[in-house]
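Secondary and tertiary structure notes
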Amino acid sequence: MSAKVITITSGKGGVGKTTATANIGAALATMGQRVACIDADIGLRNLDVVLGLENRIVYDLVDAVEGRCRLSQAMIKDKHIPDLYLIPSAQTRDKTAVSPSDMIRICDELRPDLDWVIVDSPAGIERGFKNAIAPADEVIVITNPEVSAVRDADRIIGIVEAEEKGTPKLLINRLSPEMVKQNNMLSADDVVDLLAIHLLGIVPEDKAVLISTNQGTPIALDNKSLAGQAYQNIARRLMGEEIPLLDLDKGSGFFNRISSVFGSGD
Amino acid sequence: MDNFINRIFSKEPSSADKAKDRLRLVLINDRTDLSAAAMENLKDDLLEVLSRYIHIDPKSMRIDITQEGRQQRLIADIPISGPVSRKY
């Protein structure tokens, strides 16, 4: 078995890339998968605090790239879930410390012993982003139902396609069903209609996400929260299961109408 | 359909409708690298060339870029009012 490398990117900052990386990784690991999450945002290390592993870092991605440690020494074992690992970013270096071919080499070294490698991309469309998508077998573009995030997502989709990484899949984060109902927020249908790529999942706006991040425990481990369930479902879809979208608008099944027909945009 | 009903029953489009309409135009501009001004120029140039062969009423001419999936399409709807009278 060889791991599949998935890169999570967005263009715009602050839409939830790091949270999604941590939670998709955690959700896959709870299903018995062997997972490594790589923080590719060199100089702005964050995935460690979201996973609650900030106190365990000895070596980082740049140490592994530059040969100061073996790759396995830069892999930090998660404290909650067996077979979940973090490869943290370097905090005192910048994005030029790693090249796209370094990322490909690191991921190729990880592939034989894992099922999934999830790469957390930095915001923007420059070197750090290029590093992050270089090793990807598949790209997930994350956006919020908001004009600037959707615009940047569209730009990123175009670049990912131009880099011959295939058409990315879409994750809509922080959707508020109440605001959609009041016609004051783009619906998931609207966003899918505009971006015209396959919808992998919708994560609703959920206060529990911030609370779990405060505690350094991924929300994906909390089956009672809607966001946790959404991430579990996304992980199962990545595993190839056909899971309907969560009924966020309880009763009407509004979101259940969205189906995989949108995947034909390639 | 929800948007359609909204437009019938309220004069002011909702903020979500506005966002979608604005984004639709912005994405077309971003993807084609054609601004609204460039579209006007395109229309003028097209009109000039076509007018050498057929008679067109500029006011009835319609040119739009539509979206089909991630593919953009230039659609021109140009009613012909008659042939250009040839000067011998």
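Refer to the structure above for everything that follows.
All of these numbers come straight from a predicted model, not from anything done at the bench.

Check the secondary structure of chain A and you find 10 helices and eight strands. Computed over its C-alpha atoms, the radius of gyration of chain A comes to 17 Å, within 12% of the 18 Å expected for a compact globule of 266 residues. On the principal axes, the C-alpha backbone points of chain A span a range of 55 × 40 × 35 Å. Relative to its full complement of 266 residues, chain A shows a buried share of 55%.

All names here are of chain B. Within strand 2 (residues 62-68), only zero of the seven residues are buried, leaving the element largely exposed. Sheet analysis places strand 2 next to strand 3 (residues 71-77), joined by seven bridges and oriented antiparallel. What sits directly across from Thr66, in strand 3, is Arg73. Turn length for the strand 2-strand 3 hairpin, with the two strands adjacent in sequence and antiparallel, is two residues, and the turn residue Gly69 shows positive phi of about 65°.

All right, on to the nonpolar core then. Counting 95 residues, the largest nonpolar core has Val35(A), Ala36(A), Val117(A), Leu195(A) and Tyr231(A) as the members making the most contacts within it. Aside from chain neighbours lying at most four places away, what touches Val35(A) is Gly25(A), Leu28(A), Ala29(A), Asp83(A), Leu84(A), Tyr85(A), Leu114(A), Asp115(A), Trp116(A) and Ile118(A).

All names here are of chain A. By secondary structure assignment, the location of Leu53 is in the loop between helix 2 (47-51) and helix 3 (61-65). Since 22 C-beta atoms lie within 10 Å of it, Leu53 is described here as buried. The sequence separation of Leu53 and Ile197 amounts to 144 residues, and the corresponding C-alpha distance is 34 Å. Ignoring sequence-local partners within four residues, the contact set of Leu53 consists of Asp48, Ile76, Asp78 and Leu86.

So, about the sheet that holds strand 3 (residues 76-77) of chain A. All names here are of chain A. Reading across the sheet, the eight strands line up as 3-4-2-5-1-6-7-8 and stay open at both edges, with mixed pairing between neighbours. Strands at the two margins of the open sheet, each flanked by one partner only, are strand 3 and strand 8 (199-204). Pairing analysis gives four bridges linking strand 6 (residues 138-143) to strand 7 (residues 169-175), with the strands arranged parallel. Among the inter-strand pairings, Ile142 is bridged to a residue of strand 7, identified as Leu171. Contacts between helix 1 (residues 17-30) and the sheet are confined to strand 1 (4-9), strand 2 (35-39), strand 4 (84-87), strand 5 (116-120), strand 6 and strand 7, with strand 5 contributing the most and set at about 170° to the helix. Across the sheet, helix 10 (residues 226-238) is in contact with strand 7 and strand 8; its angle to strand 8 comes to roughly 170°.

Criteria and cut-off values
- Residues numbered from 1 in each chain as written.
- Chains lettered and ligands numbered in written order.
- Predicted model: local features only at pLDDT ≥ 70, side-chain atom pairs only at ≥ 80, totals over all residues.
- Helix = DSSP H or I, 4+ residues; strand = E, 2+ residues; numbered from the N terminus.
- Rg over C-alpha atoms; globule rule 2.2 N^0.38 Å.
- Buried ≥ 20, exposed ≤ 12 C-beta atoms within 10 Å, placed from the backbone.
- Pairing = 2+ DSSP bridges.
- Core = buried A, V, L, I, M, F, W, Y, C linked by C-beta atoms within 7 Å.
- Contact = placed C-beta atoms within 7 Å.
- Axes fitted to C-alpha atoms, helices over the stretch in contact; angles between N-to-C directions.

Such coordinate-based values are descriptive only and should not be taken to indicate function.
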